[in-house]
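# Results of the structural survey
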Amino acid sequence: MGLLSDPNRRRALISLLTRLNTPICVVCYMAGVAWFMGLAFEPFTLRTYMSENAMGSTMVEERFPAGERALATGREFAAHKKRAGGMPVDWLIFWAKDIIFLVNEHDLIGMQAWLEGYHHTNTTGMDWSPLQGRGGSIQAALSLELSSDVVTSLDLVLEGLNGQLPNLDLANLFYAFCQKIGVLCTIQGKLQRNDWDSVSGYSHAVKTMMLMVMKQASGRPWGDHGLFLRYHIEAATIKGVNSFRQYKTDTTTIGRLLEGMYRKLNNLLERLHQSYFFYLMPSLSHFVSIGYYMPAFGLLFVWFRLHVKIMTFGIAQSSPGVLSVLTPLVISHLTGVALYTLPIRFQEMAGEHFPVSETEAVVLTAIAVYTAGLALPHNTHRFLSGEGTEQGWRVLKLVAVLYLAVLLGCTALINFSLGFILALTLVPVAAFVTPHIPKVLSAFILVVLSPACTLLFSVFFFQELQEMPISFLEGWLLYLSVISQGILDHSLYGSLVYPLIALLVYPCWLLFWNILFWK
């Protein structure tokens, strides 16, 4: 207490921390990255286990014998659909009993319309027809995607809208029955490996975990199940994969697996809640809980707390004009509002006056507004308050750092993967930017670490993780489609990633851009 109450000692402590600020920042940043990369190492993870007592391994017996009959039923459904010119509704409402068999059109759009009709909600403004009946509260859902009669393995998809994940027990249930019945199962399209102590085994686990991180950070639903999670329905997608392996799984075996899972879920007296809702999975047999991965994010924020204390002490002796800080803050956010609203508003106008499609118009408008934003807030503090002062940029940076800390912290609580990726790029920006560093090199680094470039790098990184490398032109086209898909997901399903980037992350980055060119 004496150290903090004595002005001379406090000044000496602040001076010491100021000199060590950069080394502490670098060490904490590297420690956070190292901690996160170490999470894929099997001894640092937890083995999956069933938390719900009602879903014990010996409580059901699978008796499904009708694999050929299931194929015949599928062919019969295709014939009825062709004859009706759409969904053969009358032929399907006979299946609805304790289990609702749902066959939807138009992929996610059809699923979203059914969910809104079933729950009598209208969260996306989508039109839907009234349902003829309801089956009560839905506890769990399994989406089955089979692209071929031949199945070599089953892949589990967990990532849902806005990074939501189902209760871990649902994944544990799938893995337990695959092990029991002898079905080859994967997650992120990757098989289980036992050589965790080798370099290749660790690299395999890292790729699997990072694929989950990238998918979760995108905020988009990676299957029909992803739309159920917002209604507090635990759901997952099971994809049948035909990879031309020698190992084949017949329809009867798949039927036994689904029967066993549904029987287990039928034993539940309440919703799945015993296990984790926040986790990462380097494999189907191991997981990383929130208590293990949050310290990696926290290490990135140690510098924030230190930096805020130093800057608060540095500006305590004088107070710059309010307008010198308020002006760039307001204009940066107005730019973000333009980035959020103009692409949708200009899509029809651009399509009428230029030879581009509506999708291209949305993407090009978003890029144009984003690029123009680099010039709009530039030295905006001078318009209303004259020349900027030394204390002015310090106060602005203090506001920007606090803003960034709150923004990333709240994002990580909702979607850890998105918050961590943003922290990896924005924390270095907040650490080094001042008006006194070389402008050209620093501006280049800021642009490289901006949200738009982070998305571009993520596109190429995701393809590398999938072992499907692409050329720069292919990556650029994929980058443009990702932007349009993000805006479309927000409009159709209520994805929050695009408004988060446009209205909060981008304006926050513009504050640091304005600090760099402060005069």
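All of the points below concern the structure found in this document. (Residues numbered from 1 in each chain as written. Predicted model: local features only at pLDDT ≥ 70, side-chain atom pairs only at ≥ 80, totals over all residues. Heavy atoms only, no water.)

### Observations regarding the layout of surface pockets
Estimates place the volume of the second largest pocket at around 1200 Å³. Along the walls of the second largest pocket sit 44 residues, with Leu455, Leu456, Tyr479, Val482 and Ile483 positioned nearest its centre. Classifying every residue of the lining of the second largest pocket by side-chain character gives 30 nonpolar, 11 polar and three charged. Taken domain by domain, the makeup of the lining of the second largest pocket includes at least three residues from each of domain 2 (52–100 + 135–284) and domain 3 (318–517). (1 Å grid on protein atoms, 1.4 Å probe; cavity = no way out; pocket = protein on both sides within 12 Å on 5 of 7 lines; lining within 4 Å. Points joined across faces, edges and corners; volume = space filled by probe spheres on them. Nonpolar A, V, L, I, M, F, W, Y, C, P; charged D, E, K, R; others polar. Domains from an automatic or database assignment.)

### Regarding the environment of Trp196
Among the structural elements, Trp196 can be located in the loop between β5 (190–191) and α8 (199–218). For the pair formed by Trp196 and Phe41, sequence separation is 155 residues and the distance between their alpha carbons is 7.1 Å. Excluding residues that lie within four positions of it along the chain, Trp196 makes contacts with Phe41, Glu42, Pro43 and Tyr202. (Helix = DSSP H or I, 4+ residues; strand = E, 2+ residues; numbered from the N terminus. Contact = heavy atoms within 4.5 Å.)

### Let's talk about the nonpolar core
Counting 107 residues, the largest nonpolar core has Phe36, Leu158, Phe174, Leu257, Met281 and Phe512 as the members making the most contacts within it. The element best represented in this core is helix α20 (residues 497–516), accounting for 14 residues. With sequence-adjacent residues up to four places away left out, Met281 is seen in contact with Thr48, Leu158, Leu168, Ala171, Ile187, Thr208, Met209, Met212, His286 and Phe287. By size, the runner-up hydrophobic cluster in this structure holds 14 residues, among which are Leu115, Ala141, Leu227 and Tyr493. (Core = buried A, V, L, I, M, F, W, Y, C linked by side-chain atoms within 4.5 Å. Buried < 20%, exposed > 50% of the residue type's maximum accessible area, 1.4 Å probe, protein only.)

### Notes on the sheet that holds strand β6 (residues 234–241)
Spatially, β2-β6-β3-β4-β5 is the arrangement adopted by the five strands of the open sheet, whose pairing is mixed. Each edge of the open sheet carries a strand with a single partner, namely β2 (140–146) and β5. Strand direction decides the pairing type here: strand β3 (residues 153–157) and strand β4 (residues 185–187), joined by three bridges, are parallel. Residue pairing for β4: Leu156 is matched across the bridge by Ile187. Across the sheet, helix α9 (residues 251–266) is in contact with β2, β3 and β6; its angle to β2 comes to roughly 170°. (Pairing = 2+ DSSP bridges. Axes fitted to C-alpha atoms, helices over the stretch in contact; angles between N-to-C directions.)

### Quick word on the packing of aromatic side chains
One pair of aromatic rings is described through two measures. These are the centre distance and the angle between the planes. In this structure the tally under the stated criterion is 17 aromatic pairs. When the centroid spacing of 5.3 Å and the interplanar angle of 35° are considered together, the rings of Trp476 and Tyr479 count as tilted. Remark: Tyr479 and Trp476 occur in helix α19 (residues 472–493); sequence separation between them is three residues, near one turn of the helix. The exposure class assigned to Trp476 is partly exposed, which follows from its relative accessible area of 33%. Between Tyr506 and Trp509, the aromatic rings sit 6.3 Å apart at their centres with planes inclined by 15°, giving stacked as the arrangement. A residue pair is termed a helical-turn pair when its members lie 3 or 4 positions apart in one helix, as Tyr506 and Trp509 do in helix α20 at three residues. Neither residue differs from the other here; Tyr506 and Trp509 are each classed as buried. A network of ring pairs unites the aromatic residues Phe36, Tyr293, Phe297, Phe416 and Phe420 as a single cluster. Just above the ring of Trp222 sits the side chain of Lys215; from NZ or CZ to the centre is 5.1 Å. A cation over an aromatic ring shows up here: Arg220 above the ring of Trp222, its NZ or CZ 5.0 Å from the ring centre. (Phe/Tyr/Trp six-rings, centres within 6.5 Å; stacked < 30°, edge-to-face > 60°. Lys NZ or Arg CZ within 6 Å of the ring centre and 35° of its normal.)

### So, the packing of helix α7 (residues 168–181) against α9
Between α7 and α9, the shortest axis-to-axis distance is 10 Å and the interhelical angle comes to 135°. Viewed along their axes, α7 and α9 adopt a mutual orientation that is oblique. The crossing of α7 and α9 is right-handed. Touching Leu170, Leu173, Phe174, Phe177, Cys178 and Ile181 of α7 are Thr253, Arg256, Leu257, Gly260, Met261, Lys264 and Leu265, all from α9. Counted by class, the contact of α7 with α9 contains nine nonpolar, two polar and two charged residues. (Parallel < 35°, antiparallel > 145°, perpendicular 65-115°, else oblique. Left-handed = near helix turned anticlockwise from the far one by under 90°.)

### Describing the pattern of salt bridges
Evaluation of the coordinates by the stated rule reveals four salt bridges. For the salt bridge of Arg193 with Asp195, the shortest nitrogen-to-oxygen distance reads 2.6 Å. Classification of Asp195 by relative accessible area gives partly exposed; the value is 26%. For Glu259, the salt bridge is made with Arg263, and the minimal N-O distance between the two is 3.0 Å. (Salt bridge = Lys/Arg side-chain N within 4 Å of Asp/Glu carboxyl O.)

### Focus: empty space enclosed by the protein
Per the stated rule, a full pass over the model turns up one cavity of 30 Å³ or more. Its volume calculated, the largest cavity comes out at about 200 Å³. Lining the largest cavity are 20 residues; nearest its centre among them are Glu42, Arg193, Ala205, Pro282 and Ser283. Elements with a minimum of two residues in the lining of the largest cavity: β4, β5, α8 and β7 (279–283). The greatest single-element share of the lining of the largest cavity, amounting to five residues, is contributed by α8. By residue class, the composition of the lining of the largest cavity is 10 nonpolar, seven polar and three charged.

### Focus: helix α13 (residues 358–372)
At 3.6 residues per turn, the α-helix brings residues three or four places apart onto the same side. Compared with the 21 Å implied by 1.5 Å per residue over 15 residues, the 21 Å span of α13 between its first and last C-alpha is a close match. All buried positions along α13 are accounted for by Ala361, Val362, Val363, Thr365, Ala366, Val369 and Tyr370. (Expected span 1.5 Å × (residues − 1).)

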